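# Reading the structure
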Amino acid sequence: MSEEKGIVDMMREDGLQAVPVTPKAPVERPTDNDKINDTLNALLENVGEKKSWISVKLPSLGKCYNEYNNDSIELRPFTFDDERNLRLAAQEGAGNEAITSLLNNCVRGIPVEALTVFDKNYILFKLRELSYGSTYPIVGKCDTCKTNNTLKLELSELPVTYFQEDYEEYTKVFLPDSKKTAIIRFPRVIDEPHLSTPEQIVDNINRFVVSVEGVTDEAIIFAFIRKTTVKDVTVLRKKIFDFSLGFENEIIYPCGGCQRENKTTLTLNEHFFSVN
């Protein structure tokens, strides 16, 4: 009795060849998430360039950061979340920590804690300019007639003071009364917790004196600063905390009330996080 033939065997006897059937790939249909993303991308089509990183030359020209070999950092505008977190932290009294956190998000190229304070302050105002625009209102009160003058500064047009080409971070300072030469360094962001009040600034001067007449012992430097003259200490302090580098922070203007010439200082104020 012959074996029962299968369909494939019968097709072969008739000269037919079975053709394997390739399963069709499933058709991908757009999901709700795809539609949402497409719509969101369309709404944000003009925003991409405004959120990109830009190069910013530092007032120090990178001379304080030999290990990074760069005179610039890269900076991006802060976002809604960045601003929200900063405002919340400021309400809780943690403003300095929040600003450092903000800069960590918006700066790359050199670690924020390694930045000198004057580079950090310059970056902070460049960040404000990049995020909200160049116009920055400040109020100056006339010393003579007490009129409050609202000044609108253009951050992009303020003069910037850079290190001279032969300037170095570890700078020699001649002390006029002791006739000794000190070598000092500039405060960094990591030092700021020790500089929160005028008293702390005075008490911590020795942190920024690397040597005096070649002596590097910290205890001896500490004692020297407390036993030398106030004139010597003032010379040290002015050089260590020389924040004239960066934006010109002394603003000279005529009073709108009495036309007398006045001075005010460029500082962070309530307009720092607003569009003007």
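Below: a short report on this structure. (Residues numbered from 1 in each chain as written. Predicted model: local features only at pLDDT ≥ 70, side-chain atom pairs only at ≥ 80, totals over all residues. Heavy atoms only, no water.)

Here the focus is helix 7 (residues 218-227). Listing the buried residues of helix 7 in full gives Ile221, Phe224 and Ile225. Around the axis of helix 7, the buried residues are gathered within 95 degrees of arc, so they sit on the same side. Among the exposed residues of helix 7, those oriented more than 90 degrees off its buried face are Ala219 and Lys227. Those residues of helix 7 that are buried are in contact with strand 7 (171-175), strand 9 (209-212) and helix 8 (230-240). The N-cap residue of helix 7 is Asp217: its side-chain oxygen and the backbone nitrogen of Ala219 are 3.0 Å apart. (Buried < 20%, exposed > 50% of the residue type's maximum accessible area, 1.4 Å probe, protein only. Helix = DSSP H or I, 4+ residues; strand = E, 2+ residues; numbered from the N terminus. Arc of directions from axis to C-beta. Contact = heavy atoms within 4.5 Å. Polar contact = N/O pair within 3.5 Å; in protein donor to acceptor, adjacent residues only side chain to side chain.)

Below, the discussion takes up a nonpolar patch on the surface. On the surface, a nonpolar cluster with roughly 300 Å² of combined accessible area is contributed by Leu40, Leu43 and Leu44. Tracing the sequence through the fold places Leu43 in helix 2 (residues 32-43). Exposure remark for Leu43: the relative accessible area of 66% places this residue in the exposed category. (Patch = residues over 30% accessible without salt bridge, like charges linked within 9 Å, V, L, I, M, F, W, Y side chains within 5 Å. Areas by Shrake-Rupley, 256 points an atom, 1.4 Å probe, with all protein chains shown as cover. Salt bridge = Lys/Arg side-chain N within 4 Å of Asp/Glu carboxyl O.)

Okay, the side chain of Arg188 next. Inspection of the secondary structure puts Arg188 in the loop between strand 8 (180-184) and helix 6 (198-203). At a separation of 2.9 Å, a polar atom in the side chain of Arg188 contacts the main-chain carbonyl oxygen of Cys64. Setting aside residues up to four positions removed in sequence, Arg188 forms contacts with Cys64, Tyr65, Glu113, Ala114, Leu115, Thr116, Val117 and Glu169.

Glancing now at the sheet that holds strand 9. The antiparallel open sheet is built from 3 strands, whose spatial order is 7-8-9. Lying at the two open borders of the sheet, with one neighbouring strand each, are strand 7 and strand 9. Strand after strand, the sheet turns through a mean of 25 degrees between neighbouring axes, direction not considered. Here strand 7 pairs with strand 8 via 5 bridges, running antiparallel. Residue pairing for strand 8: Leu175 is matched across the bridge by Lys180. Sheet strands touched by helix 7: strand 7 and strand 9. Its angle to strand 9, the strand with the most contacts, is close to 80 degrees. (Pairing = 2+ DSSP bridges. Axes fitted to C-alpha atoms, helices over the stretch in contact; angles between N-to-C directions.)

Another point: the pattern of salt bridges. Counted by the stated rule, this structure contains 7 salt bridges. Here Glu192 ties to Lys120 by a salt bridge, and the two come within 3.1 Å at their closest N and O atoms. Separated by 72 residues along the polypeptide, Glu192 in the loop between strand 8 and helix 6 and Lys120 in helix 5 (residues 117-132) bring together distant segments of the chain. Judged by its relative accessible area of 6%, Lys120 falls in the buried class. Close ionic contact of Arg207 with Asp191 constitutes a salt bridge, the shortest N to O distance being 3.3 Å.

Moving on to the sheet that holds strand 2 (residues 72-75). Here we have 3 strands laid out as an open sheet, ordered 1-2-3, and antiparallel in their pairing. Each edge of the open sheet is held by one strand with a lone partner, namely strand 1 (54-57) and strand 3 (107-108). Bridge analysis of strand 1 against strand 2 gives 4 bridges, and the strand direction is antiparallel. The residue bridging Val56 from the neighbouring strand is Ile73, located in strand 2. Packed onto the sheet, helix 5 meets strand 1, strand 2 and strand 3 and runs at close to 35 degrees relative to strand 2.

In this section: the packing of aromatic side chains. Considering all chains together, one arrives at 8 aromatic pairs under this definition. Ring centres 5.8 Å apart and planes at 55 degrees place the aromatic pair Phe118 and Phe163 in the tilted group. Linking Phe118 in helix 5 with Phe163 in the loop between strand 6 (160-161) and strand 7, this pair joins segments that are 45 residues apart in sequence. Both residues of the pair, Phe118 and Phe163, count as buried. Ring pairs connect the aromatic residues Tyr122, Phe125, Tyr136 and Phe247, which therefore count as one cluster. Lying over the aromatic face of Trp53, Arg108 brings its terminal NZ or CZ to 4.1 Å of the ring centre. Cation over ring: Arg226 sits above Phe222, and NZ or CZ is 3.7 Å from the ring centre. (Phe/Tyr/Trp six-rings, centres within 6.5 Å; stacked < 30°, edge-to-face > 60°. Lys NZ or Arg CZ within 6 Å of the ring centre and 35° of its normal.)

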